[in-house]
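Letter by letter, the chains look like this.
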Amino acid sequence: MAIIATIMNTTTGQPIQRMTFGRMPKPWASFNLESGELVTADRVEVGKPAPGKVVVPVFVWVTPKQ
């Protein structure tokens, strides 16, 4: 089952993009953004699903160099 996560910018608090992972990303995982920049996850947050929903929101916080 794929994990769909929202990639968030740590400095601005704004979402950067959505990304699909094959499994739950680790807090030290490195991956490339759509812009081609290599980033490392600072932290991974797993939220609570909305009432009546099954999908759990996942947020991966990164600090881009730009």
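Residues numbered from 1 in each chain as written. Predicted model: local features only at pLDDT ≥ 70, side-chain atom pairs only at ≥ 80, totals over all residues. Heavy atoms only, no water.

Asks: Is there a simple way to think about the sheet that holds strand 2 (residues 15–21) in this case?
Replies: Note on sheets: strands pair through backbone hydrogen bonds, and any given pair is parallel or antiparallel. Strands sit in the order 2-1-5-4-3 across an open sheet of five strands; the sheet is mixed. Since the sheet does not close on itself, it has two edges, and those belong to strand 2 and strand 3 (30–32), each with one partner. On average, each strand axis in the sheet is tilted by 40° relative to the strand beside it, whichever way the strands run. Note that strand 1 (residues 3–9) and strand 2 share six bridges and pair antiparallel. Bridge pairing in strand 2 links Ile 4 to Thr 20. (Pairing = 2+ DSSP bridges. Helix = DSSP H or I, 4+ residues; strand = E, 2+ residues; numbered from the N terminus. Axes fitted to C-alpha atoms, helices over the stretch in contact; angles between N-to-C directions.)

Asks: Help me out: how do you make sense of the packing of aromatic side chains in this one?
Replies: A ring pair, where both rings are aromatic, is described by two values, the distance of the centres and the angle of the planes. By the definition in use, this model includes one aromatic pair. The interplanar angle of 80° and the centroid separation of 5.5 Å between the aromatic rings of Phe 21 and Phe 31 together place this pair among those described as edge-to-face. Placement of Phe 21 in strand 2 and of Phe 31 in strand 3 is noted, with a sequence separation of 10 residues between them. Between the NZ or CZ atom of Arg 43 and the centre of the ring of Trp 61, over which it lies, the distance is 4.4 Å. (Phe/Tyr/Trp six-rings, centres within 6.5 Å; stacked < 30°, edge-to-face > 60°. Lys NZ or Arg CZ within 6 Å of the ring centre and 35° of its normal.)

Asks: Sorry if this is basic, but what is going on with a nonpolar patch on the surface here?
Replies: A contiguous nonpolar surface patch, about 220 Å² in accessible area, is contributed by Met 24, Val 46 and Val 56. In this fold, Val 56 is placed in the loop between strand 4 (38–46) and strand 5 (58–62). (Patch = residues over 30% accessible without salt bridge, like charges linked within 9 Å, V, L, I, M, F, W, Y side chains within 5 Å. Areas by Shrake-Rupley, 256 points an atom, 1.4 Å probe, with all protein chains shown as cover. Salt bridge = Lys/Arg side-chain N within 4 Å of Asp/Glu carboxyl O.)

Asks: Would you mind going over the pairing of strand 4 with me for this structure?
Replies: Note on strand geometry: in a regular strand, side chains alternate between the two faces of the sheet. Looking at chain direction, strand 3 and strand 4 are connected through three bridges and run antiparallel. By the bridge assignment, Asn 32 is partnered in strand 4 with Leu 38. Linkage of strand 3 to strand 4, two consecutive antiparallel strands, is achieved through a turn of five residues, within which Gly 36 is found at a positive phi near 95°. Strand direction decides the pairing type here: strand 4 and strand 5, joined by five bridges, are antiparallel. Bridge pairing in strand 5 places Val 44 opposite Val 60.

Asks: Whenever I open this one, the side chain of Gln 17 confuses me. Can you help?
Replies: You can see Gln 17 is positioned in strand 2. Take Gln 17: its relative accessible area is 10%, and that puts it in the buried class. At a separation of 3.0 Å, a polar atom in the side chain of Gln 17 contacts the main-chain amide nitrogen of Glu 34. (Buried < 20%, exposed > 50% of the residue type's maximum accessible area, 1.4 Å probe, protein only. Polar contact = N/O pair within 3.5 Å; in protein donor to acceptor, adjacent residues only side chain to side chain.)

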